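# Observations on the model geometry
Residue-level listing of the chains:
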Amino acid sequence: MNDQTLAAATLGADIRALRKARGLTLSDIGAILNRSVGWLSQVERDMSEPSISDLRQIAEALGVPMSMLFAHSGAPADEHGYIVRAGSRRPMGSGEEGLIEELLSPDLTDDFEMVHSTFRPQSSMQTPAHRPTQEVGYVISGKLDLLIGGRSFTVGSGDSFRIKHEPYQWSNPYDEPAVAVWVIAPPVY
């Protein structure tokens, strides 16, 4: 299998994992995209390659940035699915609120995902999130204010935290970036 075939294989598996994490069926996505279940099934099984506009619509239907459906290449064939090099992490999210996220997991086919998050100074999450996930974070550097289930916490370098099916919000009102690693189950990006 060449690098391009490996990339396509990861693409289909990631689309399937994202769809299932959102509790959507092939029929649900087909209706949103105005595409047949058969075509979507072929995409997920890497038997059909979606166009750029198809990928844009799939990303929108799954609520992920289009960048999540790219950047599967870059790893040597013997590392693909096992190793993610520092310079080859896939960017996630829009970064609009001051949060820069990168996928540490090789793909989205596991029962969890690992994410590297950098919270810019003086940034904050504008709208609380409430996801059907269990999340554990570890702060590598800086400080972060968290509101989890209505309770306020400040965490710093070396601290860890858990969010379990609760609404949460973060802010970094400090003058230096905060960096954290998150483990999220099931994968949501």
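See above for the structure.
A brief report on the enclosed structure follows.

What counts, and at which threshold
- Residues numbered from 1 in each chain as written.
- Predicted model: local features only at pLDDT ≥ 70, side-chain atom pairs only at ≥ 80, totals over all residues.
- Heavy atoms only, no water.
- Helix = DSSP H or I, 4+ residues; strand = E, 2+ residues; numbered from the N terminus.
- Buried < 20%, exposed > 50% of the residue type's maximum accessible area, 1.4 Å probe, protein only.
- Pairing = 2+ DSSP bridges.
- Phe/Tyr/Trp six-rings, centres within 6.5 Å; stacked < 30°, edge-to-face > 60°.
- Lys NZ or Arg CZ within 6 Å of the ring centre and 35° of its normal.

Within the element layout of this structure, threonine 25 appears in the loop between α1 (3-21) and α2 (26-33). Overall, threonine 25 belongs to the partly exposed group, its relative accessible area being 38%. Measuring from C-alpha to C-alpha, the distance between threonine 25 and valine 37 comes to 9.2 Å, with 12 residues separating the pair along the chain.

Attention shifts here to the sheet that holds strand β9 (residues 168-172). On the basis of which strands lie adjacent, the open sheet formed by four strands has the order β4-β9-β6-β7 and antiparallel pairing. Across the chains shown, the open sheet's two edge strands, defined by having one partner strand only, are β4 (123-124) and β7 (151-156). The pairing of β4 with β9 spans two bridges and is classified as antiparallel. Paired with serine 123 across the bridge in β9 is asparagine 172.

Using the criterion set out here, one finds three aromatic pairs in the structure. With 5.0 Å between their ring centres and 80° between their planes, phenylalanine 161 and tryptophan 182 make a pair best called edge-to-face. A residue pair is termed long-range when its members are at least 10 positions apart, and phenylalanine 161 in strand β8 (residues 160-164) and tryptophan 182 in strand β10 (residues 178-185) qualify at 21 residues. Assessed through its relative accessible area of 5%, tryptophan 182 is described here as buried. For the ring pair tyrosine 168 and tryptophan 182, a centre distance of 6.3 Å and an interplane angle of 45° mean the geometry is tilted. Of this pair, tyrosine 168 sits in strand β9 while tryptophan 182 sits in strand β10, and the two are 14 residues apart along the sequence. Accessibility expressed as a relative area gives 6% for tyrosine 168, which makes it buried. A network of ring pairs unites the aromatic residues Phe161, Tyr168 and Trp182 as a single cluster. We note arginine 35 situated over the ring of tryptophan 39; from NZ or CZ to the ring centre the distance is 3.9 Å.

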